[in-house]
Amino acid sequence: MSLGHACVDVYQGAVAALVPYFVAERAYSYAAASGVVLAASLLSSLVQPLFGVLTDRWAMPWLLPLSALTAGAGVALSGVTGSYPLTLAVVAVSGVGVAAYHPEAARVARAVARGRHTAMGWFSFGGNAGFALAPLLVFAVMATGGLRASPLLVVPALAGAVLCAAAVRAAGSGAGSAAAPAAVGGDDWGSFLRLSGAVVCRSVVFVGLGTFVSLYVRERTGGGAGAGTAALFVLYAGGAAGTLAGGRLAERYGRLAVVRRSYALTILAVAGLVLVPGPSVYLFVALTSAGLYVPFSLHITLGQDFLPRHVGTASGVTLGLTVSVGGLAAPALGALADATSLRSALLPLIALPALGRLLLCGLREPAPPGTAATAAERSDPLDPAAR
């Protein structure tokens, strides 16, 4: 499941990694280039909760290999389309493939993980590893022939389809069962909506930086394509490690304590990335990556536990809608960059993790399905706001 997740999420990272090449080869403005990111996010954000609702009603493990192929086909065609509208269309198709994958994949992963945070951390690690590898993959393919070589990007989709089919077969009855772990208590929609609001704030920061950090670092350091690719790789690669750390830290300190402190770290890290000059920008990119990714898998399990009777819906929102909403802000950031500068466009991103941190205040740890949360898990003893 983790390897299949990597092969699907490489296409979320690939869209942002292609932005500098669209700017260079097709002379897209910042706003037009960020519109490509919007196209990948818009349909995905709208349909992913729908797939979550369907997953709540029926098991659809066959959807995993099909969605991997769909995600790859759209990105593979994006470099050979002859017009901007057609480019938007094929990238949107890729976004639908990504949307179809995540709710069902999260359901299957949660079933075979048996509620363990570290196991879900490994599942999320796969997706974040795919993000991390995307800039390197795109850089290697573009070096062979520019955007005309984009059909080569379909290779991870083929591998992902095989891996997903093998994972579903190996999981057996766990993958085919429509039922999630037995629900305990009712759905806590108020807490779920506050968590979703925080994830939206995280999403806007992540997508905004994913879209523009490559161009920004090239501008700040005077480097070429390699310097920008390195920055995007650091942003994504740090997240792969951060996801694993998040699961382990949550088992020791509790999920909400780890999530709150990650948002606090992100405030400082994004400020340093935007405001501190020189090569130290790479350090702040790495710190931002940690702050954004440590809570990644914890968002998923918290959302599922806040809505124990609608696990598919919770997965569709936390993995899909709230994450994809970040793409909706990308054109606004691009337009601001066109009107002023990239640095000015990135300044608003400093405030968003602070807003997310405020939304998390007062939330209490939900009981995982089939268990009762311990007192240590239910509150952060070092955070008065959690009580």
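All values reported here derive from a predicted model rather than from experimental measurement.

J.: Lay out the packing of helix 1 (residues 2-26) against helix 6 (residues 155-171) in plain terms, naming residues and giving numbers.
T.: The N-to-C vectors of helix 1 and helix 6 enclose an angle of 150°; their axes lie 8 Å apart at closest approach. Of the possible angle classes, the one that applies to helix 1 and helix 6 is roughly antiparallel. Handedness of the helix 1/helix 6 crossing: left-handed. Between helix 1 and helix 6, the residues in contact are Leu3, Gly4, Cys7, Val10 and Tyr11 and Val155, Pro156, Ala157, Ala159, Gly160, Leu163 and Cys164, respectively. Considered class by class, the residues forming the contact of helix 1 with helix 6 number 10 nonpolar, 2 polar and no charged.

J.: How would you summarise a nonpolar patch on the surface if you had to cite specific residues and measurements?
T.: On the surface, a nonpolar cluster with roughly 340 Å² of combined accessible area is contributed by Leu42, Leu43, Leu46 and Leu328. The element that contributes the greatest number of residues to the nonpolar patch is helix 2 (residues 30-57), accounting for 3 residues.

J.: Now, about helix 15 (residues 351-360): what can you tell me, with residues and values included?
T.: Among the residues of helix 15, Pro353, Gly356, Arg357 and Leu360 are the ones counted as buried. One side of helix 15 carries all its buried residues, which in axial view fall inside an arc of 100°.

J.: Help me get a handle on helix 4 (residues 84-113), residues and values and all.
T.: With 30 residues, helix 4 ought to run about 44 Å at 1.5 Å a step, and its terminal C-alpha atoms sit 42 Å apart, in line with that. Burial within helix 4 is extensive, with 21 of its 30 residues counted as buried. N-cap assignment for helix 4: the residue whose side-chain oxygen lies 3.2 Å from the backbone N of Leu86 is Ser83. Of the residues flanking the end of helix 4, it is Arg114, one or two places downstream, whose phi is positive at about 55°.

J.: So what's going on with the side chain of Thr266? Residues and values would help.
T.: Considering the arrangement of structural elements, one finds Thr266 in helix 10 (residues 255-275). Here Ser262 takes part through its backbone oxygen, which lies 2.8 Å from a polar atom of the side chain of Thr266. Discounting residues that sit within four places of it in the chain, Thr266 has contacts with Gly291, Leu292 and Pro353.

J.: Residues and numbers for the packing of helix 8 (residues 189-221) against helix 12 (residues 296-306), please.
T.: Two elements in contact, helix 8 and helix 12, have axes whose closest approach is 9 Å; the angle formed by their N-to-C orientations is 160°. In this view, helix 8 runs roughly antiparallel relative to helix 12, as classed from their interaxial angle. Remark: the crossing between helix 8 and helix 12 carries left-handed chirality. Of the residues in helix 12, those touching helix 8 at Ser191, Phe192, Leu195, Val199 and Arg202 are Phe296, His299, Leu302, Gly303 and Phe306. The residue makeup of the contact of helix 8 with helix 12, split by class, is 6 nonpolar, 3 polar and 1 charged.

J.: Residue-level account of the packing of aromatic side chains, with values.
T.: Summed over all chains, the structure comprises 10 aromatic pairs. The interplanar angle of 40° and the centroid separation of 5.7 Å between the aromatic rings of Phe206 and Tyr236 together place this pair among those described as tilted. With a gap of 30 residues between them, Phe206 in helix 8 and Tyr236 in helix 9 (residues 225-253) connect regions that are remote in the sequence. Each member of the pair Phe206 and Tyr236 is classed as buried. When the ring of Tyr293 is compared with that of Phe296, the centres are 6.1 Å apart and the planes differ by 50°; the resulting orientation is tilted. You'll find Tyr293 and Phe296 in the same group, each marked buried. A cation over an aromatic ring shows up here: Arg202 above the ring of Phe206, its NZ or CZ 4.9 Å from the ring centre.

Thresholds, definitions, all that
- Residues numbered from 1 in each chain as written.
- Predicted model: local features only at pLDDT ≥ 70, side-chain atom pairs only at ≥ 80, totals over all residues.
- Heavy atoms only, no water.
- Axes fitted to C-alpha atoms, helices over the stretch in contact; angles between N-to-C directions.
- Helix = DSSP H or I, 4+ residues; strand = E, 2+ residues; numbered from the N terminus.
- Parallel < 35°, antiparallel > 145°, perpendicular 65-115°, else oblique.
- Left-handed = near helix turned anticlockwise from the far one by under 90°.
- Contact = heavy atoms within 4.5 Å.
- Nonpolar A, V, L, I, M, F, W, Y, C, P; charged D, E, K, R; others polar.
- Patch = residues over 30% accessible without salt bridge, like charges linked within 9 Å, V, L, I, M, F, W, Y side chains within 5 Å.
- Areas by Shrake-Rupley, 256 points an atom, 1.4 Å probe, with all protein chains shown as cover.
- Salt bridge = Lys/Arg side-chain N within 4 Å of Asp/Glu carboxyl O.
- Buried < 20%, exposed > 50% of the residue type's maximum accessible area, 1.4 Å probe, protein only.
- Arc of directions from axis to C-beta.
- Expected span 1.5 Å × (residues − 1).
- Polar contact = N/O pair within 3.5 Å; in protein donor to acceptor, adjacent residues only side chain to side chain.
- Phe/Tyr/Trp six-rings, centres within 6.5 Å; stacked < 30°, edge-to-face > 60°.
- Lys NZ or Arg CZ within 6 Å of the ring centre and 35° of its normal.

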